Amino acid sequence: MTVGTDIRTYFEGRWHDGNPAVMRAADHGAWLGSTVFDGARYARGVAPDLLAHCERVNRSARALMLTPTVEAADMVEIVREGLARYPADAAVYIRPMYWGIDGDTGAIAPAPGTTGFCVCLEAIPLASDEATTTLTTTRFRRPVLEDAVVDAKAGCLYPNNARMLREAQSRGFGNALVADALGNVAETATANVFIVADGVVRTPVANGCFLAGITRNRHIALLRADGVQVEEAVLTFDEVRAADEVFLTGNMSKITPVTAFDDLAYQAGPVARRARDLYWDWALSG
């Protein structure tokens, strides 16, 4: 799936222009879904937390019983080599990926040691600082570890996210606010969620049913260092409805203020603006 333009792909030890075929019809990942990826960002001349994203794709591979084949530090160097081919002012989505090649145990499990690897770079503009979204609920929920590999950023999890998103969009909203197995707030279909009430920032506690994102964790640390009270807690949908401000965090868009949840309206508020400023001040300082 191509999302952006000016695609460059690292595969089998070298960079290719465009979107080459990297997976074969009988590869385990093609027919049994053993694919993992991560998504880092290059923008404004920097690639924040790139090493952390490369480390996480290796953890995701192991969670899906794949053997990671590239050390995270070496992956960073591969990515930086590819980024050097883009203009300095480009905004690029960075996607390292693994997939199973051979099968084991009756073909259901991927065979140890036979893992495909590539890095795909796509030029995708960073969202405007004025970009916002709206939320509604969805009947679909986040799975738990007993049901799915929620401790990995795995391709097989995303059809569930896609139907959440399509359901929300069919009602005229931009995204879906999703429940965990107990009916509490987990995240949205595409990003982590924060609320602000009486000056306190709160976000769902990492309970194992969703990825507590690298960008989410970075925002928590930066806000706390700036003196803001940030709590990770069980969060109900009624608490979101009663919030003064709601915003989403994720690596594709960094921060997206929410202006409506069903028939409730919010301001694109000062905490989201402050969090964005803190993030870019940190990212550009190194």
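Look above for the structure.
Only a predicted model underlies this, so the values are computations on that prediction, with no experimental measurement involved. (Residues numbered from 1 in each chain as written. Predicted model: local features only at pLDDT ≥ 70, side-chain atom pairs only at ≥ 80, totals over all residues. Heavy atoms only, no water.)

Draft legend 1. Representation of the overall build of the protein chain within the structure. The helix and strand tally for the protein chain stands at seven helices and 17 strands. On C-alpha atoms alone, the protein chain measures out to a radius of gyration of 19 Å, which is about the 19 Å that the 2.2 N^0.38 rule sets for 286 residues. Taking the intrachain contacts of the protein chain between residues at least 6 apart in sequence as the baseline, contacts between residues at least 24 apart amount to 67%. Accessible surface for the protein chain amounts to roughly 13000 Å². Of this, 52% is attributable to carbon and sulfur atoms. Side chains of the protein chain carry 27 positive and 35 negative charges; the gap between the two charge centres is 2 Å. (Helix = DSSP H or I, 4+ residues; strand = E, 2+ residues; numbered from the N terminus. Rg over C-alpha atoms; globule rule 2.2 N^0.38 Å. Contact = heavy atoms within 4.5 Å. Areas by Shrake-Rupley, 256 points an atom, 1.4 Å probe, with all protein chains shown as cover. Lys, Arg positive; Asp, Glu negative; His and termini not counted. Charge placed at Lys NZ, Arg CZ, Asp CG, Glu CD.)

Draft legend 2. Quick peek at empty space enclosed by the protein. Overall, the coordinates contain one cavity of 30 Å³ or more when judged by the stated rule. For the largest cavity, the calculated volume is near 60 Å³. Where the lining of the largest cavity is concerned, the elements lending two or more residues are strand E16 (254-261) and helix H7 (270-285). Counted by class, the lining of the largest cavity contains four nonpolar, two polar and four charged residues. (1 Å grid on protein atoms, 1.4 Å probe; cavity = no way out; pocket = protein on both sides within 12 Å on 5 of 7 lines; lining within 4 Å. Points joined across faces, edges and corners; volume = space filled by probe spheres on them. Nonpolar A, V, L, I, M, F, W, Y, C, P; charged D, E, K, R; others polar.)

Draft legend 3. Quick peek at the pattern of salt bridges. Applying the stated criterion across every chain, the model contains 16 salt bridges. For the salt bridge of Asp27 with Arg24, the shortest nitrogen-to-oxygen distance reads 3.1 Å. Here Asp27 falls in the buried class, since its relative accessible area comes to 4%. With its nearest N and O atoms 2.6 Å apart, the salt bridge here joins Asp49 to Arg218. Within this pair, whereas Asp49 is found in the loop between strand E4 (40-42) and helix H2 (50-63), its partner Arg218 is found in helix H5 (residues 214-225), the two being separated by 169 residues in sequence. Residue classification places Arg218 among the partly exposed residues on the basis of a relative accessible area of 25%. (Salt bridge = Lys/Arg side-chain N within 4 Å of Asp/Glu carboxyl O. Buried < 20%, exposed > 50% of the residue type's maximum accessible area, 1.4 Å probe, protein only.)

Draft legend 4. Spotlight on H5. Spanning 12 residues, H5 covers 17 Å between terminal C-alpha atoms, matching the ideal 16 Å at 1.5 Å per step. Taken as a whole, H5 has its buried residues at Ile214, Thr215, Arg216, His219, Ile220, Leu222 and Leu223. Gly227 sits one or two positions beyond H5 and adopts a positive phi of about 90 degrees. (Expected span 1.5 Å × (residues − 1).)

Draft legend 5. View of the pairing of strand E1 (residues 5-11). E1 sits mainly inside the fold: five of its seven residues count as buried. With five bridges joining them, E1 and strand E8 (residues 115-123) adopt antiparallel strand pairing. Along E8, the bridge assignment pairs Thr5 with Ala123. In this structure, E1 lies alongside strand E2 (residues 14-17), joined through four bridges in antiparallel fashion. Bridging across to E2, Tyr10 finds its partner in Trp15. Here E1 folds back onto E2, and the loop between the two strands holds two residues, one of which, Glu12, carries a positive phi near 55 degrees. (Pairing = 2+ DSSP bridges.)

Draft legend 6. Spatial organisation of helix H4 (residues 158-170). Over its 13 residues, H4 runs 18 Å from end to end, which matches the ideal 18 Å to within 8%, given 1.5 Å per residue. By the burial criterion, the buried members of H4 are Asn160, Asn161, Met164, Glu167 and Ala168. For H4, the arc enclosing every buried residue in end-on projection is 125 degrees, short of the 170-degree limit, so these residues lie on one face. Looking at H4, the residues exposed on the side facing more than 90 degrees away from the buried face are Pro159, Arg166 and Ser170. The inward-facing, buried residues of H4 contact strand E9 (133-141), strand E10 (175-179) and strand E11 (185-188). Two residues or fewer past H4, Gly172 is found with a positive phi of approximately 90 degrees. (Arc of directions from axis to C-beta.)

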